[in-house]
Amino acid sequence: MEALGRLFNAATSATTTATPFSLKDAGGATIILIGATSGNATIQEAQDSAGTGAQNLAVFTRYYRQNSGTWTKVTQAAAATVTAGTGGLLAVEVDAAQLSDGYTHITASHASGSFVILPHDLTVGRAPANLRSVTA
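Residues numbered from 1 in each chain as written. Predicted model: local features only at pLDDT ≥ 70, side-chain atom pairs only at ≥ 80, totals over all residues. Heavy atoms only, no water.

*Asks:* Now, about the environment of Gly39: what can you tell me, with residues and values included?
*Replies:* Note on placement: Gly39 falls in strand 4 (residues 39-46). Gly39 gets classed as partly exposed once you look at its relative accessible area, which sits at 23%. For the pair formed by Gly39 and Thr135, sequence separation is 96 residues and the distance between their alpha carbons is 25 Å. Once you skip the residues sitting within four places of it in the chain, Gly39 turns out to touch Val82, Thr83, Ala84 and His110. (Helix = DSSP H or I, 4+ residues; strand = E, 2+ residues; numbered from the N terminus. Buried < 20%, exposed > 50% of the residue type's maximum accessible area, 1.4 Å probe, protein only. Contact = heavy atoms within 4.5 Å.)

*Asks:* Describe the pairing of strand 6 (residues 60-66), listing the residues and the values that go with them.
*Replies:* Bridge count between strand 6 and strand 7 (residues 71-79): 6 bridges; the pairing is antiparallel. Looking at the pairing, Arg65 lines up with Thr72 of strand 7. Taken together, strand 6 and the strand that follows it, strand 7, pair antiparallel across an intervening segment of 4 residues, in which Gly69 is found at a positive phi of about 95°. Relative to strand 9 (residues 89-95), strand 6 is paired through 3 bridges, and the arrangement is antiparallel. Across the sheet, residue Gln66 finds its bridge partner in strand 9, namely Leu89. (Pairing = 2+ DSSP bridges.)

*Asks:* Hey, could you go over the confidence of the model for the chain for me, with residue numbers and the actual values?
*Replies:* For the chain, mean pLDDT is 93; residues scoring 70 or higher make up 99% of the total. When pLDDT is averaged over each helix and strand of the chain, the minimum, 90, is found for strand 1 (residues 11-13) and the maximum, 98, for strand 5 (residues 55-56). (pLDDT = per-residue confidence, 0-100.)

*Asks:* Give a detailed account of empty space enclosed by the protein, specifying residues and quantitative values.
*Replies:* Tallied over the entire structure, the rule returns 1 cavity of 30 Å³ or more. Approximately 90 Å³ is the volume attributed to the largest cavity. Taken together, 13 residues line the largest cavity, and the ones lying closest to its centre are Asn9, Lys24, Asp25, Leu122 and Arg132. Residue composition of the lining of the largest cavity, by class: 6 nonpolar, 3 polar and 4 charged. (1 Å grid on protein atoms, 1.4 Å probe; cavity = no way out; pocket = protein on both sides within 12 Å on 5 of 7 lines; lining within 4 Å. Points joined across faces, edges and corners; volume = space filled by probe spheres on them. Nonpolar A, V, L, I, M, F, W, Y, C, P; charged D, E, K, R; others polar.)

*Asks:* I'd like a description of the sheet that holds strand 3 (residues 26-34), backed by residues and values.
*Replies:* With respect to topology, 6 strands assemble into an open sheet ordered 1-11-3-9-6-7, the strand pairing being antiparallel. Only two strands of the sheet have a single neighbouring strand rather than two, namely strand 1 and strand 7. Here the strands of the sheet are splayed against their neighbours by 25° on average, with no regard to which way each runs. (Axes fitted to C-alpha atoms, helices over the stretch in contact; angles between N-to-C directions.)

*Asks:* Account for the environment of Leu57, with residues named and values stated.
*Replies:* Within the secondary structure, Leu57 is located in the loop between strand 5 and strand 6. With 18 residues separating them in the primary sequence, Leu57 and Thr75 have C-alpha atoms 16 Å apart. In this structure, Leu57 is in contact with Ile43, Gln44, Glu45, Ala79, Ala80, Val94, Gln98, Leu99 and Ile106, ignoring residues within four places of it in sequence.

Here is the structure:
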């Protein structure tokens, strides 16, 4: 079986859209920010795909940035924001257990960057065509 469907799923979100992504069937997700100018990305949790009850997910104490092929670890006090560097990549991990009771979705937004969301540690392996929609 391929890694897509066994290890991870994937979806995208453009800049300020803050599309809710489901963590159902996943142990967590890696949020990758690309094409950003500097500034904060905000990560929230929501109860469903409509974004019901969206609230800041202030659990992020570390994340990683890359601008020339080498990742740099950034540490901070627990917050719902992570700071992008111009023209690079940013990666932050969220564990499904960090979501509040009744919350199953995450969102990410930034003024200029776009996101690739990779739900991982899938609890149910499926062929890619049979994966649960991460935006449902």
